[in-house]
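Coordinate analysis (summary)
Each chain, letter by letter, is given below.
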Amino acid sequence: IPFLNETLQPEVIVDSIVKRGCSYKIVLCDPSCESIIRSRADAAGYDIDYYLLEIKTTLGYLQNVWRKLNAEGADFPSKLEVRAHNYFAAGSLIGFEQYYILGFYLYNRISTQGMQIKVERGVHIQPSTFFMELEKHFQKQWEVSYKDVIFFIDRPFELVQRNIS
């Protein structure tokens, strides 16, 4: 998720975790996967160096959020989980408990600046097939993301290889 730092202030995420009990699972492109970054940058109409910088900026932003959570208490940092993938993502998917926002990369725009569709679970009814497919898709992407992003108080984050079975 490049440009996340332009979408949400860190305090919004911290507040939602500390005061409302939310958790976050974020999957973003591994900054060491040059071919994937080149493909995504080309598709979105961005310079590859600029796009890579945005991914690293997002990781730094998330480390800042993690540090703020750490200052709030020992249990809070575990509510922010970040993984990295090495595949071409054709869109963005932001999930909440009751709905997903599906963003498309259209007309050389990133998904937050293009068309987005909100898919709701529904209240007091069975979730739609489309909602369930999005939920299954995100879970699969989470499972196949091959690196964990580990944050530290006193040094930069690290991307660590996961064992995927």
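First things first, this report covers the structure right here in the doc.

Calculation rules
Residues numbered from 1 in each chain as written. Predicted model: local features only at pLDDT ≥ 70, side-chain atom pairs only at ≥ 80, totals over all residues. Heavy atoms only, no water. Pairing = 2+ DSSP bridges. Helix = DSSP H or I, 4+ residues; strand = E, 2+ residues; numbered from the N terminus. Axes fitted to C-alpha atoms, helices over the stretch in contact; angles between N-to-C directions. Buried < 20%, exposed > 50% of the residue type's maximum accessible area, 1.4 Å probe, protein only. Arc of directions from axis to C-beta. Core = buried A, V, L, I, M, F, W, Y, C linked by side-chain atoms within 4.5 Å. Contact = heavy atoms within 4.5 Å. Expected span 1.5 Å × (residues − 1). Polar contact = N/O pair within 3.5 Å; in protein donor to acceptor, adjacent residues only side chain to side chain. Salt bridge = Lys/Arg side-chain N within 4 Å of Asp/Glu carboxyl O.

**Brief notes about the sheet that holds strand S7 (residues 158-161)**
Picture the strands of a sheet paired through backbone hydrogen bonds; they go either parallel or antiparallel. Overall, mixed pairing links the four strands, which are arranged S1-S2-S6-S7 in an open sheet. Two strands close off the open sheet at either side, each with one partner strand: strand S1 (24-29) and S7. Averaged over all adjacent pairs, the angle separating strand axes in this sheet is 35°, with direction ignored. Across six bridges, the pairing between S1 and strand S2 (residues 80-85) is parallel. Looking at the pairing, Tyr 24 lines up with Leu 80 of S2.

**Some thoughts on helix H2 (residues 10-18)**
Within H2 the residues assigned to the buried category are Pro 10, Ile 13, Val 14, Ser 16 and Ile 17. When H2 is viewed along its axis, its buried side chains cluster within an angular range of 165° and face the same direction.

**Digging into the nonpolar core**
In summary, soluble globular proteins display a tendency toward joint burial of nonpolar side chains. Counting 26 residues, the largest nonpolar core has Ile 26, Leu 28, Ile 55, Leu 62, Val 65, Leu 80 and Val 82 as the members making the most contacts within it. Only H2, S1, helix H3 (34-44), helix H4 (48-72) and S2 provide two or more residues apiece to this core. By size, the runner-up hydrophobic cluster in this structure holds nine residues, among which are Tyr 100, Val 119, Phe 131 and Leu 134.

**Thoughts on the environment of Phe 138**
Within the secondary structure, Phe 138 is located in helix H5 (residues 129-144). Phe 138 sits 43 residues away from Gly 95 along the chain, and the two C-alpha atoms are 8.3 Å apart. Here Phe 138 is in contact with Lys 25, Val 27, Leu 93 and Tyr 100, once residues within four sequence places are set aside.

**Notes on the environment of Met 132**
Turning to its location among the elements, Met 132 is positioned in helix H5. Classification of Met 132 by relative accessible area gives partly exposed; the value is 36%. Spatially, the C-alpha atom of Met 132 lies 8.2 Å from that of Arg 121, the residues being 11 residues apart in sequence.

**So, H4**
Helix length check: H4, at 25 residues, gives a terminal C-alpha distance of 36 Å against a target of 36 Å (1.5 Å per residue), a fit within 8%. All of the buried residues along H4 are Tyr 51, Glu 54, Ile 55, Thr 58, Leu 59, Tyr 61, Leu 62, Gln 63, Val 65, Trp 66 and Leu 69. Capping of H4 at its N-terminal end is provided by Asp 47; its side-chain oxygen lies 3.1 Å from the backbone amide nitrogen of Asp 49. With its phi angle positive at about 155°, Gly 73 sits one or two positions after the end of H4.

**Quick word on the pattern of salt bridges**
Evaluated as defined, the whole model comprises 11 salt bridges. A salt bridge links Glu 11 to Lys 68, with the shortest nitrogen-to-oxygen separation between them at 3.6 Å. Of this pair, Glu 11 sits in helix H2 while Lys 68 sits in helix H4, placing them 57 residues apart in sequence. Exposure remark for Glu 11: the relative accessible area of 44% places this residue in the partly exposed category. A single network of salt bridges, built from pairs that share partners, joins Asp 15, Lys 19 and Arg 20.

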